[in-house]
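# An overview of the molecular structure
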Amino acid sequence: MKKILVVQFIILLFSSGCYYDKYNKLYPPGSSSGCDSINVTYSSNITTILSNYCQGCHNALTASGGIVLDNYSQVKTYVTNGKLIGSVKQLSGYISMPPGAKLSDCDIAKLQKWVNDGSPNN
Ligand code: HEC
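Worth saying up front: this structure is predicted, and the values here are computed from it rather than measured.

## Focus: the packing of aromatic side chains
Following the criterion strictly, the structure yields three aromatic pairs and no others. A ring pair is formed by tyrosine 72 and tryptophan 114, whose centres lie 6.4 Å apart and whose planes are at 80 degrees; its orientation type is edge-to-face. Linking tyrosine 72 in helix α3 (residues 72-80) with tryptophan 114 in helix α5 (residues 105-116), this pair joins segments that are 42 residues apart in sequence. For tryptophan 114, a relative accessible area of 0% puts it in the buried group. Linked through ring pairs, Tyr42, Tyr72 and Trp114 together constitute an aromatic cluster.

## Things to note about the coordination of the iron atom of the ligand
Put simply, a metal with four donors set out as a tetrahedron has ideal angles of 109.5 degrees, and one with six donors set out as an octahedron has ideal angles of 90 or 180 degrees. Coordination of the iron atom of the ligand by the protein is provided by His58 (NE2) and Met97 (SD), with metal-donor distances spanning 2.0 to 2.1 Å. In this structure, the iron atom of the ligand is surrounded by six donor atoms whose angles at the metal cover 86 to 177 degrees, and the resulting shape is octahedral. In this pair, histidine 58 sits in the loop between α2 (42-53) and α3 while methionine 97 sits in the loop between α4 (83-88) and α5, placing the two residues 39 residues apart along the sequence.

## Quick look at α5
With 12 residues, α5 extends 16 Å from end C-alpha to end C-alpha; this agrees with the ideal 16 Å at 1.5 Å per step. Within α5, the full set of buried residues consists of Asp107, Ile108, Lys110, Leu111, Gln112 and Trp114. Buried residues along α5 sit in contact with α2, α3 and α4. Positive phi appears at glycine 118, one or two residues downstream of α5, with a value of about 95 degrees.

Parameters and conventions
- Residues numbered from 1 in each chain as written.
- Predicted model: local features only at pLDDT ≥ 70, side-chain atom pairs only at ≥ 80, totals over all residues.
- Heavy atoms only, no water.
- Phe/Tyr/Trp six-rings, centres within 6.5 Å; stacked < 30°, edge-to-face > 60°.
- Helix = DSSP H or I, 4+ residues; strand = E, 2+ residues; numbered from the N terminus.
- Buried < 20%, exposed > 50% of the residue type's maximum accessible area, 1.4 Å probe, protein only.
- Donors = N, O, S within 2.8 Å, 3.2 Å for Na, K, Ca; no water.
- Tetrahedral: all angles 85-135°; square planar, octahedral: opposite > 155°, others 65-115°.
- Expected span 1.5 Å × (residues − 1).
- Contact = heavy atoms within 4.5 Å.

Take a look at the structure:
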């Protein structure tokens, strides 16, 4: 009986190792838990985040805080003054956005990557 337990324990030890061996294949470096924050473009990723979480309050009709995030040049203004990243990362000195919530780590990573890339209009 003891022998069986020992064997089972050894099998368990080795089989749990498999998952970690494959980790880099499942989730390539830079994409934590399936989040692709490497291949980020304005047209496909950034506009999706903004339209899902921001434009409801920051559009031409409802410009909360006088801020409109409908198009590239408007968004760029808040990239340049640091408020886009400051507000979504909820850094001190900025008003946290969206109000009462926080974007997912994945969406924040995408915004940060795009800003680090020089916020291209691609
Ligand atoms: C529910 C409405 C609402 C949503 C959703 C919302 N905002 Fe805001 N936002 C506001 C209001 C209201 C203000 C002005 C707050 C103030 O001046 O006290 C503001 C202010 C800001 C500011 C200025 C921050 C500062 O520190 O001066 C930025 C930048 C901003 N929003 C970006 C965003 C982004 C990006 C999103 C999406 C992730 C977003 N907002 C989602 C209502 C909203």
